[in-house]
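A structural walkthrough
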Amino acid sequence: MSVETVDKAKLIVEKALSSIRDLFTLPEVTIKIIQIVEDPKSTAHDFYGVIKNDPALSVKVLKVVNSAFYGLPGQVASVDRAIILLGLSAVKNIAIAASITRLFKGKRISEQFSAADLWRHSVAVSVAARSLGKCSPHPVSLDELFVAGLIHDIGTLVERQAFPDEFSEVIRRCEETGQDFLECEREVIGADHQAFGVGLTTKWKFPRRLRAAVGFHHNPEAVSVELKNISALIHLADVIACQERLGFHLTAQNASINPELLELLDISEEQVDEVRAALPEQLADAEAALMV
């Protein structure tokens, strides 16, 4: 894209986020959790001090930790026990995941799209990304991957709120003609869901790695080396979920598995097939765990 086009897209994103700011205000507890995530001096005591004041979130975190999806051998009765067993980083990411589920609400705007469709797709990407992360020998936080999968398409919710007619047109065109989704977004809206997602997660002060996954999951080759693995894993998980038509799948409807990314991640085609085969059952477990 030209510099002029990029600048125009930035203005469109800024205007959209300003117009719908009340609809995308994170819960105060989530903001505090993210601040703790980003503070290298934070401790488990700091985190527990935040989450104990939100009983509903504590219950959600324990529901995830004790779910079939998470697969711990025994039941965990308290958040502080979960921190001891899983580590502070893992539980913080679970808390972020549990606290953002409320954003995926709203009416159906077409046969192809509702917030529930996007939620199902996002959970599928989360599950697939976590499984792929286990396959890759490179160090990666599985719980960070899970959060990244949940929020990777968050920009589409911005589009739905700020440009409902244009977003419906994008969906219609892509469904009827098979046009590339991002290309169509740029033609009709002036910016794509990656740009809206980066704008929103930057406003939320999300960690850099999560912002990279949101902003480059369709083109992980364009991100810096230190951020490439998480973006590539979310890309691969997204392609699998779209190929399996799990939830809203038009964003990567034309994509295929890139052998170069598999080589980068040290993941084999056989491992991808195993992740794909296990996905339906794991998705059901994750949906049950995250159900509001």
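A short tour of the structure in this document, coming up. (Residues numbered from 1 in each chain as written. Predicted model: local features only at pLDDT ≥ 70, side-chain atom pairs only at ≥ 80, totals over all residues. Heavy atoms only, no water.)

1. Structural notes on unusual backbone geometry
Most peptide bonds take the trans form, and the phi angle of most residues other than glycine is negative. Its identity as a non-glycine residue notwithstanding, arginine 245 has a phi of 55°, on the positive side. Tracing the sequence through the fold places arginine 245 in the loop between α14 (225–243) and α15 (259–265). Despite not being glycine, aspartate 266 shows a phi value in the positive range, around 60°. Residue position: aspartate 266 is located in the loop between α15 and α16 (269–290). (Helix = DSSP H or I, 4+ residues; strand = E, 2+ residues; numbered from the N terminus.)

2. Description of helix α5 (residues 79–86)
Spacing of three or four residues puts side chains on the same side of an α-helix, whose turn is 3.6 residues. Those residues of α5 that sit buried are Val79, Ala82 and Ile83. The arc enclosing the buried residues of α5, seen along the axis, measures out at 100°, which places them on a common side. Each element contacted by the buried residues of α5 is listed here: α3 (44–51), α4 (55–65) and α6 (88–99). Of the residues flanking the end of α5, it is glycine 87, one or two places downstream, whose phi is positive at about 100°. (Buried < 20%, exposed > 50% of the residue type's maximum accessible area, 1.4 Å probe, protein only. Arc of directions from axis to C-beta. Contact = heavy atoms within 4.5 Å.)

3. Here's the deal with the layout of surface pockets
Of the pockets and cavities examined, the second largest pocket occupies roughly 200 Å³. Along its surface, the second largest pocket is lined by 10 residues, and Leu26, Ile31, Lys203, Trp204 and Lys205 are the ones closest to its centre. Grouping the constituent residues of the lining of the second largest pocket by class yields five nonpolar, two polar and three charged. (1 Å grid on protein atoms, 1.4 Å probe; cavity = no way out; pocket = protein on both sides within 12 Å on 5 of 7 lines; lining within 4 Å. Points joined across faces, edges and corners; volume = space filled by probe spheres on them. Nonpolar A, V, L, I, M, F, W, Y, C, P; charged D, E, K, R; others polar.)

4. Digging into the packing of aromatic side chains
Overall, the coordinates contain six aromatic pairs when judged by the stated rule. Plain terms: the ring middles of phenylalanine 104 and tryptophan 119 are 4.9 Å apart, the flat faces sit at 55° to each other, and that makes the pair tilted. Taken together, the positions of phenylalanine 104 in the loop between α6 and α7 (115–135) and tryptophan 119 in helix α7 put the pair 15 residues apart, joining distant regions of the chain. Judged by centre distance (5.9 Å) and plane angle (55°), the ring pair of phenylalanine 163 and phenylalanine 196 falls under tilted. Separated by 33 residues along the polypeptide, phenylalanine 163 in the loop between α9 (155–162) and α10 (164–177) and phenylalanine 196 in helix α12 (residues 193–203) bring together distant segments of the chain. An identical accessibility class is assigned to phenylalanine 163 and phenylalanine 196; each is buried. Grouped by ring-pair contacts, the aromatic residues Phe167, Phe181 and Phe248 constitute a single cluster. The cationic tip of arginine 130 hangs over the ring face of tyrosine 70; the distance from NZ or CZ to the ring centre is 4.7 Å. (Phe/Tyr/Trp six-rings, centres within 6.5 Å; stacked < 30°, edge-to-face > 60°. Lys NZ or Arg CZ within 6 Å of the ring centre and 35° of its normal.)

5. Looking at the pattern of salt bridges
Counted by the stated rule, this structure contains 10 salt bridges. In this structure, glutamate 187 engages arginine 173 in a salt bridge whose closest nitrogen and oxygen atoms are separated by 3.3 Å. Of this pair, glutamate 187 sits in helix α11 (residues 181–188) while arginine 173 sits in helix α10, placing them 14 residues apart in sequence. Given a relative accessible area of 27%, arginine 173 falls into the partly exposed group. Put simply, arginine 186 and aspartate 192 hold a salt bridge, and the shortest N to O gap is 2.8 Å. Residue class for arginine 186 comes out partly exposed when judged on its relative accessible area of 34%. For aspartate 192, a relative accessible area of 7% puts it in the buried group. Through salt bridges with shared partners, one network takes in Glu169, Arg172, Arg173, Glu176 and Glu187. (Salt bridge = Lys/Arg side-chain N within 4 Å of Asp/Glu carboxyl O.)

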